[in-house]
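Listed below are the residues making up each chain.
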Amino acid sequence: MIILSTSPEIAPSRYVVIRRKAGRFLPNFAIVACLVLLASSTVQALTPIKNSSIAHQSAPIIQLQKETLVVGSEQDYPPFSTGMTDATAGGFTVDLWKAVAAEAGLNYSIRVLPFHQLLEEFKEGKIDVLINLAQSDERHHFADFTVPHVVVHGAIFVRKGESGIHSEGDFAGKSIIVLNADLAHDYAVSKGWEKQLVLVDTAAEGLRLLASGKHDAMLLSKLAGMQMLQALEITNIEALKGSAGFSQKFAFAVSEGQSELLGKINEGMALTKTNGTYNTLYDKWFGIYEVKEIGLSDLLKYLIPIIVFFMGVGGYLLYRRQVEREEAEKKYRDLYDHAPDMFLSVEAKSAIVIDCNQTLLNSTGYTRDEVVGHPVLDLYHPDCSDSACIAFQTFIKTKALHGVELQLRRKDGKKIDVSVNASAVCDEHGVILHSRSALRDVTERKQAEESILKLSLAVAQSPNSIVITDLDANIEFVNTAFIKTTGYSFEDAVGKNPRLLHSGKTPKSTYDEMWACLVRGDPWEGEFTNCRKDGTEYIELARIAPVRQANGRISHYLAVKEDITERKQSEKLLRKSTEELEDLYNHAPCGYHSLDKDGVIMRINDTELEWLGYTRDELIGKVKLSDLLTPASLESFRKAFPVFKRRGVLHDFELELVRKDGTILNGLANATLIRDADGEYLMSRSTLFDITERKKTEDTLRSMFSAIEHSPIGVLITDAEANIQYVSPRFSAITGYKSADLIRRNLRLLQMGQIAKDTYLEIWNTLTSGHSWHGELVNKNKRGRVYWEEVHIAPVATPDGIVTNYAVVIADISERKEAEEKMQHMARYDQLTDLPNRSMVDDRLQQALAAAKREKTQTALMFIDLDKFKPINDTLGHDAGDMVLKEAAKRMQSCVRESDTVGRIGGDEFVVLLTTVDSNQDAALVAEKIRHALNQPIALLGQHLHISSSIGVAIYPEHGTDGKTLVKNADAAMYYAKEGGRNSVKMFEPEMLQ
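Residues numbered from 1 in each chain as written. Predicted model: local features only at pLDDT ≥ 70, side-chain atom pairs only at ≥ 80, totals over all residues. Heavy atoms only, no water.

K.L.:
How would you sum up the overall build of the protein chain? Please name residues and give values.
P.N.:
Regarding its fold elements, the protein chain presents 33 helices and 39 strands. Counting across all 994 residues of the protein chain, residues that qualify as buried make up 51%. A separation threshold of at least 6 residues defines the contact pool for the protein chain, and within that pool the share at least 24 residues apart is 59%. When the accessible surface of the protein chain is totalled, it reaches about 47,000 Å², and 52% of it is carbon and sulfur. (Helix = DSSP H or I, 4+ residues; strand = E, 2+ residues; numbered from the N terminus. Buried < 20%, exposed > 50% of the residue type's maximum accessible area, 1.4 Å probe, protein only. Contact = heavy atoms within 4.5 Å. Areas by Shrake-Rupley, 256 points an atom, 1.4 Å probe, with all protein chains shown as cover.)

K.L.:
Mind laying out helix α9 (residues 277–285), listing which residues take part and the relevant values?
P.N.:
Buried within α9 are the following residues: Tyr 278, Leu 281, Tyr 282 and Trp 285. Projected down its long axis, α9 carries its buried residues within an arc of 105°, all on one side. Residues of α9 that are exposed and angled more than 90 degrees away from the buried face: Thr 280, Asp 283 and Lys 284. (Arc of directions from axis to C-beta.)

K.L.:
Talk me through the sheet that holds strand β18 (residues 465–469); I want residue IDs and the actual numbers.
P.N.:
Each strand in a sheet pairs with its neighbour through backbone hydrogen bonds, running either in the same direction (parallel) or in the opposite one (antiparallel). The antiparallel open sheet is built from 5 strands, whose spatial order is β19-β18-β22-β21-β20. Only two strands of the sheet have a single neighbouring strand rather than two, namely β19 (475–478) and β20 (524–531). Pairwise comparison of adjacent strand axes, ignoring direction, gives a mean angle of 30° for this sheet. Relative to strand β22 (residues 554–563), strand β21 (residues 537–548) runs antiparallel, the two sharing 9 bridges. (Pairing = 2+ DSSP bridges. Axes fitted to C-alpha atoms, helices over the stretch in contact; angles between N-to-C directions.)

K.L.:
Report on the pattern of salt bridges, specifying residues and quantitative values.
P.N.:
Evaluated as defined, the whole model comprises 45 salt bridges. A salt bridge links Asp 95 to Lys 284; the shortest N-O distance between them is 3.3 Å. Of this pair, Asp 95 sits in helix α3 (residues 92–104) while Lys 284 sits in helix α9, and the two are 189 residues apart along the sequence. Judged by its relative accessible area of 18%, Asp 95 falls in the buried class. Exposure remark for Lys 284: the relative accessible area of 56% places this residue in the exposed category. When the shortest N-O distance is used, the salt bridge between Arg 891 and Glu 887 registers 2.9 Å. You can see Arg 891 and its partner Glu 887 sitting in helix α31 (residues 878–894), 4 residues apart, about one turn around the helix. You can call Glu 887 partly exposed: its relative accessible area is 27%. (Salt bridge = Lys/Arg side-chain N within 4 Å of Asp/Glu carboxyl O.)

K.L.:
Which residues make up the confidence of the model for the protein chain, and what values do they have?
P.N.:
When the pLDDT values of the protein chain are averaged, the result is 83; 89% of them are 70 or greater. A low-confidence stretch, residues 1–64 stays under pLDDT 50, and its non-local contacts, those more than four residues away or across chains, total 134 contacts. Counted against residues more than four places away or in other chains, residues 290–294, with its pLDDT under 50, gives 17 contacts. (pLDDT = per-residue confidence, 0-100.)

K.L.:
Just give me the short version of the sheet that holds strand β34 (residues 901–906), but keep the residues and values in it.
P.N.:
Read across the open sheet, the 5 strands follow the order β34-β35-β33-β38-β39; overall the sheet is mixed. Every interior strand has two partners, whereas the edge strands, β34 and β39 (984–987), have only one. Sheet twist, expressed as the mean angle between neighbouring strand axes with direction ignored, is 20°. Where strand β38 (residues 948–956) and β39 come together, 4 bridges link them in parallel fashion. Opposite Ile 951, over in β39, you have Val 985 as the bridge partner. The strands touched by helix α32 (residues 920–935) are β33 (858–867), β35 (909–917), β38 and β39; relative to β38, the strand with the most contacts, the crossing angle is about 165°.

Take a look at the structure:
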């Protein structure tokens, strides 16, 4: 026995077995030829056939083989053929054909007719195989020939003692008998004897005519003529010594282009030569006749081109398979390398990096050689080395990590905040081999969270009232200071217009001036006399500015308001009597100064001196106030001065003064012009308030609010009871809910139906304990679209620990999740049929075996190989082949349960895993159902295509207790089904491995 492994990828599950029968050793050439042919067939079975323009140009069109072949045998032409009807057909070629067909697994029926009728029906396609046709150049135009099975010389038959014919040279004027359409007929026509010829249908008819004294000679195969004379007991006819000018190489013939059928017949012929069948038949039928048997050189002449052809096709298909595999691997690697997240694989035992993607290298600045092969802990920043060690130990124990936040160290030393998710790859015993980790850069999110927390704290602790309205002046947010100042609660204010504060004492012109500025897109600053909820009045200084989006569109108004009631009362008291209030003048909470008509400082109080850092002697009578102004403030004052001079008053003029130490004092001035009796300008008196801190707060709030409005992440702010107070545009874009939909609603009611109860409790337990919560959730937006979001919720507390607000940050991570799922799907499923691939099938087989062992049940594994797929792929092209594979996949899936698995492991090979079966018979019934489904015609490109299948079945635990053994035995059974004639189901038996 010779065993040849045909595929290192599938070994040891596929073997080709050639037996030495009856103790006779195969000749070396026959062994090589058979191995090459069988290996070529196996390669075709294992390799997906890819059509190409080269294949179309170089190979003839291959017709699909019939289920039952029509085989033509000549009437009564011994010893090649005997008998006059289909039922009585016999002879050397009939017996030889039966032996060859048995070796090649061919089904057939024999039709017996006169030779010329056989030849016509063969040309018309009604007969598939002629089993005794002599080769000629003309016949090669419409037929392809196998290896010749015998070579016979032609002879001239004459009557004994009555003929003057001794050679072909004596044929002039003679009447010559020939078989109609026989090679002797063709030869005679080529010699110019056509007018002398007498045509007969059988050799017996011609010899009887010659023996009766009619005609002069007959041209006929010497072998056929001698045996026919003996059979007819004709004694007055003899064959001249020497040969006629023609000889006949008899062979099996198929229609031109039937290369697959021709190869099978040649393969069967070779096997009859090697196992002794041919020699037995030859001795039986030819015996003492002078015949030249076909030799090794003739066998080589016909087999070598076939072998070369199949080896070439096999090599090309292997090359195409390798190219496709490399292209698929390249696509997968490109997706892996350019994924939005950083990917990393680490060996479990050594914690050494074994692979990473290009995104990680680009983000950290390292080269691949600086990462791969080095300890993974070297990638993390020293500040989080302890956390990284703990995370790695946790992974080893739990085989997974979810949302662990660490810091990578870039090559330049900078930090990268990352969120780590990892899963384990284990061997069949559950031991971790290596990890698969996804690291997402969350640096921007962390910075945004810090900014939001700062903003939330600033808003919560601001001593000034903060109000945000929409463009229609409807209030959307107020802070704690507003509530304390006005007495209105958050619910009282949100959704209302600021007119609820109007006292009726603020001039209409103030409102007109304010709206004119805001409509122009400019900020406005001024005073209002307002009314609290309890009816008491207060005066506030308001600075209102429009908030612009990235596209320049104004979306909100932001107001920062200060209660200046006490300050106004102080000013009023100061105006009563300068003498009485001198002490108050100098120590008032605001600054006071007087300027002469040239702007020189003539008087200044202690408060303002302290703010500026000068002494009285350094300023009074020596310095103009304009000398202390910044260039921008000086320019603003020059523009405002004409109005001031005309009106005599200047209200709430904002300016910047340069202190002695060079720092800037932001001031808010109110000035009064003093005139003489003639109305001429004498001097001015001014009050000055230090608004430096307020300006810083406003700038901080403005920048932070702008950052939130333009942030790529969504932001939501609630009060201490989780009632929503503010919603950013990005939050609305992600969830589909506008600000008006959410304001005043409780955060607990926002799509909580999509969140598991345990997660919901975890979130609020974490927040109520004073800690932040971070995680990934599946949610649904207002339009019903389900999406993945990353959520960070943090409490905002005062210095004494009282929570005043909650800040919620969300990011839509659906695209990243979809990319991860797509990569996982590509790695586990066949791209053409979307069936599980070899890796996925192996995983499910291991799970099924584990369950079967645990439950003490049976599991069945089938290996399925499509028959007749190669001709379809070769003749109709790669696209047609792909459609056939898809249709075959659908039909197999329709035959099994949802709990079962249908997988494609390469080319036209499939696997079916039945998770549980009650008996071997149940598995066999499913296999027969699949075989029957695949036998049905496939309508494609206007044709009805026919394929079949060879199916091998192995049962756990009877045929193997582990996956490797079960795969090998199912594959061996499938191969046994294919070798036994295809289109069948074989249950594994131990003898199949011998």
